[in-house]
Every structure is written in structure tokens, then in C-alpha cells.
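An overview of the molecular structure
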Amino acid sequence: MTIAFSESEERQELRKQVAKLASKYGREYFTEQARKGAKTTDLWLEIGKNGYLGINIPEEYGGGGGGIGDIAAVCEELAAQGCPLLMMVVSPAICGTVISRYGTDEQKRRWLPGIADGTSTMAFAITEPDAGTNSHNITTTGRRDGDGWILNGRKIYISGVDEADNVLVVARTEDAKTGKLKPCLFVVPTDAEGFEYSRIPMEIVSPESQFQVFIDDVRLPADALVGDEDAGLVQLFAGLNPERIMAASFSNGLARFALGKATAYAKERTVFKEPIGSHQAIAHPLAQSHIEIELARLMTQKAAALYDAGDDMGAGEAANMAKYAAAEAACDAADRAVQTHGGNGITQEYGMAGLLVATRAGRIAPVSREMILNFVAMHSLGLPKSY
């Protein structure tokens, strides 16, 4: 017997309610806040107040007790309304997941409630100037100092540090001299002595900024270490798989937004007596984007389902594929939306051109499309490692 695929009624209702909330703000609010250097704090706090921000966090710590599929749905629906909140990928999905799975009871009580309701944001710092995609080259180190730790290092392209109370920093223990990746995760307060950051000017129109981070002899208590010092790799990937799933949802939402705007314009804009959407040169690319978006969404939902079922290996493959497919779909949808709008597509009034840079970032971060292709070639197809 064939059973038609659909999300649960609860998930569908979640999407509906988030979309309704986000539509009160919309793209104009998002871009206006970005262009004047303001934040989307009102939207962020309202999402938290309604229980959507911490929907993946355990109920006993103020969350909704759901899975990564639920928080991914929230992320997608916000982006689909023109309000793609990058810190959703970082604070509840990466940091919230890692702390929920590996933090002590005291750490969970300290950090999870604020992440869940939006009153205390946590950033995530892994990328370094001289490491980039190669996490094995991370040089940020933590060494024991009495009962605590001293942390030193540099990070780059770290999102939302100016909005965060804490940063979950990926470092490595100082005795890791063999070159083998042995990451450790430390929660570092952004107001800690020796912790500084500077904003990186970006072309993306977004209220959320990117930063270079400087960590110089930052002293941390023993309980700043999250999880087991000797099991860092497993703990790190507990956050990276959700990161890819959320990045895919982020791109899927942007793609839906771009396609929706293009489709509406194609129905209304009349040239040569008929709406331009009646011409196959316009209609076919938009139809193609619809197909690509739906395929990417299905893979994203598969990745989330595998992760929530505890299949970390299966989720890793699916999450990478989903992130790749969603980024490609979003880039194509944005490009086609600009082309559909013609000259209007590169005006601020119609807001399409900014999507070109926003969606293009999905091919680069949080992991490049080339590294995903390397992963699939090696792990899915069994080809020799190429790097």
C-alpha cells in the first residue's frame, strides 16, 4: 500500500503559526533594521516568548521537548517570510543541542533556559583564519591552570558575537601534539577579560553581523568545559549535523521567499498584452525552482528525522546532501527571481538583488559545497580521499 508523505499535523500547525507570526514583521522590517544598523530583537524575543525558539530544548529546561526537525521548521518558515535569522542556526540548534546532550545538569540549568526563551543568546566559534574548512588545523588551545583553564586563539566569521552573552568555542587541549583532531568545547562569556572581537564589514544585508574574535589568556572555571575532554569529536559533530540541517532550512526558506515574489510578479507584470508568467521563458525556470526546492526540503526533512532518531552517521550524509541541495536551489531561485523582475530586480524597492548575496553564502558556509562533494565522494561512493 502506498502512503502519501506529509509532515505530522503538529509540525504543519507549527509552520503555520510561525509563518503567521513572522508575517507581522516581514522583509521590509528585516531590511530596514539591517540598513540602519539595528537588530531584530523584537522578532527574536517574540519567537522565544511563544515557545518556538527553544522548541528543540528539553522541557525541564524551558524548551518544547521537540527535535531538530521542529527547530528547522521554525527556521525555514521565518526565512520564507523574508526574516532569515542566522542566530537560530547557532544558538538553539548548535549550542542548545550540544549542551542538552553533553552538558552537566548544572550547565543545562545555567544556559538552556535563556537560549530557549531568547533572553540569553549563545554564539558558536569554530572557524579560524589559518584553518578555514580544515578543522584539523585549529590552533585555539586550552590548557589546565589549577582547577580551571586558560584559553588562547583566534576565530573568524563568528556570527552574532555582539548579541551573545556567551560563545561556545571549539578549541583543542594543549597536549594534543600529534596533529590528531581532539577538540574540546568551552563556554566563554563575551565580557571575559582577554576576550575581544571586531566586526567584519560584509556585503550581505542582514541585522546579524560577522566578527573576528581574539582570545588572549582568557581564564575559565573548570565547568566552562562542556562534555568529556577526551570525547570532543563526537560532541562536536553533535552540533555540526544540526548546523547543516539548519543551514539547509535557512536556504530553503530564502528560496521559497524568492520564488514566491517572482511568481507573484510574473502573474501581475504585463508586457505584450499578457502577464509575463504566460511565457515559457519565465514560467519554466520558476517551475524548475519549485521542483528543486521541494526536493531539497524533502532531503532536509530526511536528515532531521535521522538525527532525531539517533542515527548520527546516516544523518551526517543526509545533512550534507540537504545543505548542498538547498543552497543550490536558493541560488537558482534568487537568480531567477531577479531575472523575472527585470530592471526592477536590482532595485532596493523590490528587494530581490540582496537575495543574490544572501543565498550565495549558503554555498560557502557553514561548509563549502566542494567539501560536501568530497564527503559524498568518499563516504557515499567509497572513492579515495582527495584532500
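Whatever comes next refers back to the structure up there.
Let me begin by describing the structure that accompanies this report. (Residues numbered from 1 in each chain as written. Predicted model: local features only at pLDDT ≥ 70, side-chain atom pairs only at ≥ 80, totals over all residues. Heavy atoms only, no water.)

Observations concerning the pairing of strand 7 (residues 210–220)
Every regular strand shows the same layout, with side chains that alternate between the two sheet faces. Applied cut-off: Note on pairing: DSSP must find at least two bridges between two strands before they are called paired. Strands here mean DSSP runs of E at least two residues long; helices mean DSSP runs of H or I at least four residues long; both are numbered from the N terminus.
Judged from the eight bridges that link them, strand 3 (residues 148–159) and strand 7 form a sheet pairing that is antiparallel. Bridge pairing links S159 to Q210 in strand 7. Looking at chain direction, strand 6 (residues 195–200) and strand 7 are connected through six bridges and run antiparallel. Across the sheet, the residue bridging to Y197 is V213, located in strand 7.

Here's the deal with the packing of aromatic side chains
What counts is decided by this rule: Classification of ring pairs uses Phe, Tyr and Trp, with its six-membered ring standing for Trp, and accepts pairs whose centres are within 6.5 Å; under 30 degrees between planes counts as stacked, over 60 as edge-to-face, and the remaining range as tilted. Think of it in three bands: with a 1.4 Å probe and only protein chains considered, a residue is buried below 20% of the maximum accessible area for its type, exposed above 50%, and partly exposed in between. Whether a charge sits over a ring depends on NZ of Lys or CZ of Arg being within 6 Å of the ring centre and within 35 degrees of the ring normal.
Following the criterion strictly, the structure yields five aromatic pairs and no others. Aromatic side chains Y197 and F211 sit 5.4 Å apart centroid to centroid with 90° between the ring planes, which places their arrangement in the edge-to-face category. On the criterion of sequence distance, the pair formed by Y197 in strand 6 and F211 in strand 7 is long-range, its members being 14 residues apart. F211 gets classed as buried once you look at its relative accessible area, which sits at 4%. What links up through ring pairs into an aromatic cluster is the set F195, Y197 and F211. We note R110 situated over the ring of W111; from NZ or CZ to the ring centre the distance is 4.6 Å. The ring of Y387 has K385 sitting right over it, with the charged end atom 5.0 Å from the ring centre.

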